[in-house]
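# Chains, contacts and geometry: an overview
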Amino acid sequence: MFAPAQEKGQQLTLKDCYELARQRNALVKQAERSLQAREYSLQAENRAWFPKVDLLAGYNYLGKPLEINLQQVKDGVVNGSAAQSVNTANTVFQQITGQPLPQNVQDAISNATKGLINAFYPNYNPQLAKQSYFVAGVGVRQPIFLGGKISAAQDLARSQVTAGQFNKQVVEKNLYFLISAQYLRIMYLNTILAHEAVVVEAFRKNRDYAASLKDNQILPPYLLNWAKVSYTQATNRYSNLELEKENALLEMNQLLGRPIDTAIVISDTLRYEQANVTTGEENAFWHNNPSYRLLESKTDLARVAVKATRSLSLPNLFAIGNVSLYQKDLPVTVPPWLIGVELQWTLFDGFQRNKRTKASKLLVEEAMMAAENTRTSLELQLRVASNKVKALQHDVASLDSARQQARLTTTLVTDRMENQLSSVKDVNDALLLEEEMHKIYYTAVLGYYLALAEYWNIVGTPEYFATYVNN
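Residues numbered from 1 in each chain as written. Predicted model: local features only at pLDDT ≥ 70, side-chain atom pairs only at ≥ 80, totals over all residues. Heavy atoms only, no water.

## As for helix α10 (residues 424-459)
In this model α10 runs 53 Å from its N-terminal to its C-terminal C-alpha over 36 residues, within 8% of the 52 Å that 1.5 Å per residue would give. Residue G460 follows α10 closely and has a positive phi angle near 105 degrees. (Helix = DSSP H or I, 4+ residues; strand = E, 2+ residues; numbered from the N terminus. Expected span 1.5 Å × (residues − 1).)

## Quick word on the sheet that holds strand β3 (residues 316-328)
The 4 strands are arranged β1-β2-β3-β4 in an open sheet whose pairing can be described as antiparallel. This sheet does not close on itself; its edge strands, each paired only once, are β1 (52-61) and β4 (337-344). Pairs of neighbouring strands in the sheet enclose a mean axial angle of 30 degrees, with direction left out of account. Two strands pair when backbone bridges link them, and strand β2 (residues 132-145) and β3 are joined in this way by 11 bridges, in the antiparallel orientation. Within β3, the position partnered with P143 by the bridge is F318. (Pairing = 2+ DSSP bridges. Axes fitted to C-alpha atoms, helices over the stretch in contact; angles between N-to-C directions.)

## What to know about the environment of E379
Within the secondary structure, E379 is located in helix α9 (residues 352-418). What makes E379 partly exposed here is its relative accessible area of 31%. For the pair E379 and A284, spaced 95 residues apart in the sequence, the C-alpha separation amounts to 9.4 Å. Contacts of E379, omitting those with residues within four sequence positions, involve F285 and W286. (Buried < 20%, exposed > 50% of the residue type's maximum accessible area, 1.4 Å probe, protein only. Contact = heavy atoms within 4.5 Å.)

## A few points about the side chain of E196
With respect to the secondary-structure elements, E196 resides in helix α6 (residues 149-215). On the accessibility criterion, E196 (1% relative accessible area) is buried. Setting aside chain neighbours within four positions, we find E196 in contact with A234, R237, Y238, L241, E435 and K439.

## Describing the packing of aromatic side chains
Taken as a whole and assessed by the stated rule, the structure comprises 10 aromatic pairs. Ring geometry for Y448 and Y449: centres 5.8 Å apart, planes at 65 degrees, overall edge-to-face. One exposure class covers both Y448 and Y449, and it is buried. Summarising the aromatic geometry, the rings of Y449 and Y468 are spaced 5.9 Å apart at their centres and angled 55 degrees between planes, so their arrangement reads as tilted. (Phe/Tyr/Trp six-rings, centres within 6.5 Å; stacked < 30°, edge-to-face > 60°.)

## With respect to the packing of helix α4 (residues 74-97) against helix α5 (residues 103-120)
For the pair α4 and α5, the least separation of the axes is 8 Å and the interaxial angle reads 140 degrees. Taken together, the axes of α4 and α5 lie oblique to each other. α4 and α5 meet at a crossing whose hand is right-handed. In this structure, α4 uses K74, V78, N79, S81, A82, S85, V86, A89 and N90 to contact α5, whose residues at the interface are Q106, I109, S110, T113, K114, I117 and N118. A per-class count over the contact of α4 with α5 returns 6 nonpolar, 8 polar and 2 charged. (Parallel < 35°, antiparallel > 145°, perpendicular 65-115°, else oblique. Left-handed = near helix turned anticlockwise from the far one by under 90°. Nonpolar A, V, L, I, M, F, W, Y, C, P; charged D, E, K, R; others polar.)

## A short note on a positive patch on the surface
Together, R310, K355, K358 and K361 make up a region of like positive charge exposed at the surface. Looking at the positive patch element by element, the count peaks at 3 residues for α9. On the secondary structure map, K358 appears in helix α9. On the accessibility criterion, K358 (48% relative accessible area) is partly exposed. (Patch = residues over 30% accessible without salt bridge, like charges linked within 9 Å, V, L, I, M, F, W, Y side chains within 5 Å. Areas by Shrake-Rupley, 256 points an atom, 1.4 Å probe, with all protein chains shown as cover. Salt bridge = Lys/Arg side-chain N within 4 Å of Asp/Glu carboxyl O. Lys, Arg positive; Asp, Glu negative; His and termini not counted. Charge placed at Lys NZ, Arg CZ, Asp CG, Glu CD.)

## A few points about the UniProt feature "coiled-coil region" (unreviewed entry) in the protein chain
If you check UniProt for "coiled-coil region" (unreviewed entry), the listed places come out as residues 231-258 and 368-395 in our numbering. With 93% helix and 0% strand, the stretch residues 231-258 has end C-alpha atoms that lie 38 Å from each other. Between the end C-alpha atoms of residues 368-395 there is a gap of 40 Å, over a span that is 100% helix and 0% strand. (UniProt positions renumbered as here; feature names shortened; annotations may be inferred.)

## Section: the side chain of D268
Mapped onto the elements, D268 comes out in the loop between α7 (221-256) and α8 (290-311). Buried and unpaired, D268 has R271 as its nearest opposite-charge partner, separated by 5.1 Å. Reaching out from D268, the side chain makes a polar contact with the side chain of Y183 at a distance of 2.7 Å. Ignoring sequence-local partners within four residues, the contact set of D268 consists of Q11, Y183, M187, N190 and N470. (Polar contact = N/O pair within 3.5 Å; in protein donor to acceptor, adjacent residues only side chain to side chain.)

## Looking at the pattern of salt bridges
Oppositely charged side chains can form a pair if their charged atoms are brought close together. What the rule picks out here adds up to 18 salt bridges. Close ionic contact of R237 with E435 constitutes a salt bridge, the shortest N to O distance being 2.8 Å. Within this pair, whereas R237 is found in helix α7, its partner E435 is found in helix α10, the two being separated by 198 residues in sequence. According to the relative accessible area criterion, R237 is partly exposed, its value standing at 22%.

## What to know about the environment of T13
Position of T13 among the secondary structure elements: in the loop between α1 (2-6) and α2 (14-24). Spatially, the C-alpha atom of T13 lies 11 Å from that of M187, the residues being 174 residues apart in sequence. Aside from chain neighbours lying at most four places away, what touches T13 is Y183 and N470. At 3.1 Å, the side chain of T13 and the side chain of D16 are in polar contact.

If you want it as structure tokens, here you go:
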């Protein structure tokens, strides 16, 4: 309900802009999709211990049908059968007579048996099956022990999810800073436009007053022309500021993820209010910064990679099973079901795992160095931002005094002109100086707020800036 309400041109605060951008900005959407993909990957890895059930089916066509090679075993069959016949006859004869068969009789029985078997033995190899066959079944494979590979994969996926969460926070943080800067730019333009309207009106009055003096032949014509030119330039500056604000609103719509021609109303103006900032008092403030935490997650990811590469050297143990569903023209009959245990262990891989382990260890060191460099960089950025805020506080204080003095000067010169103690040109010059000092003052205020936004962005709490601005 919040987003459609903003489409009707209602007033937007900085917090509203944050919320709209979080809902619609393309970069945030992209980071959310990446995070969702990683979460689904983690869910998939958490189911790695579930058994795998596959439908196994295959059609095979042989170059030639399977055959029984009878010719290769022919000599063995003939000689073996002849020897068996001789041994049988010899045993029977010994039982009857108590004497072995004469050798010539044994040779005769052997030769006769060989001749008989040779006469009836096939002279070809008979086919065992057809040239093609089809089988189908259901296979089950249940991991029992994988050497920590599944837990390493789960840890890896979990680290990826954590990295995705921090990546989303980094995208949102950077987007919030850009929106804050754009919102401040619009506030600055609102402030300058409000003052510029007063300045334009003052130039118009000065022009009209100069025209009346010229009509009464008190003022030379060239001074009236000077007043007219000053008024025209003031109106042009006002028009240019309006166009600049329109461009700023279009760019804000793009940051919010809305069509650029969507009606948007931001009427806040800059009101200087000093904020208290500290430097280095926040103990380990960088732990709140998503950029640092993202690098920390990459370090954890590299450590998990070391664990995963080490697990590759351990064996895998699976429980397997198979249920035969269909057999057609299979050369042999397969039992209807079977169960067993399967061991898989890579004994040598050309030292590939060793190299991968070394590479993953170096990646851990690299990630730790990157995190340390980011920490020192954030400390430096925080100190610089804090000093910038303090310097701009001094500038705003001095420029405020100059702005008030310029306003007082314009008032005094205008009063003197009405008493004919100063010229129209003096009033124009005073108005221009007042206008310039007003812009310089609020430019310093804008810089001060931008420095505050940068400060809270470094600390890791950019949303706090919206609370400060919209108070």
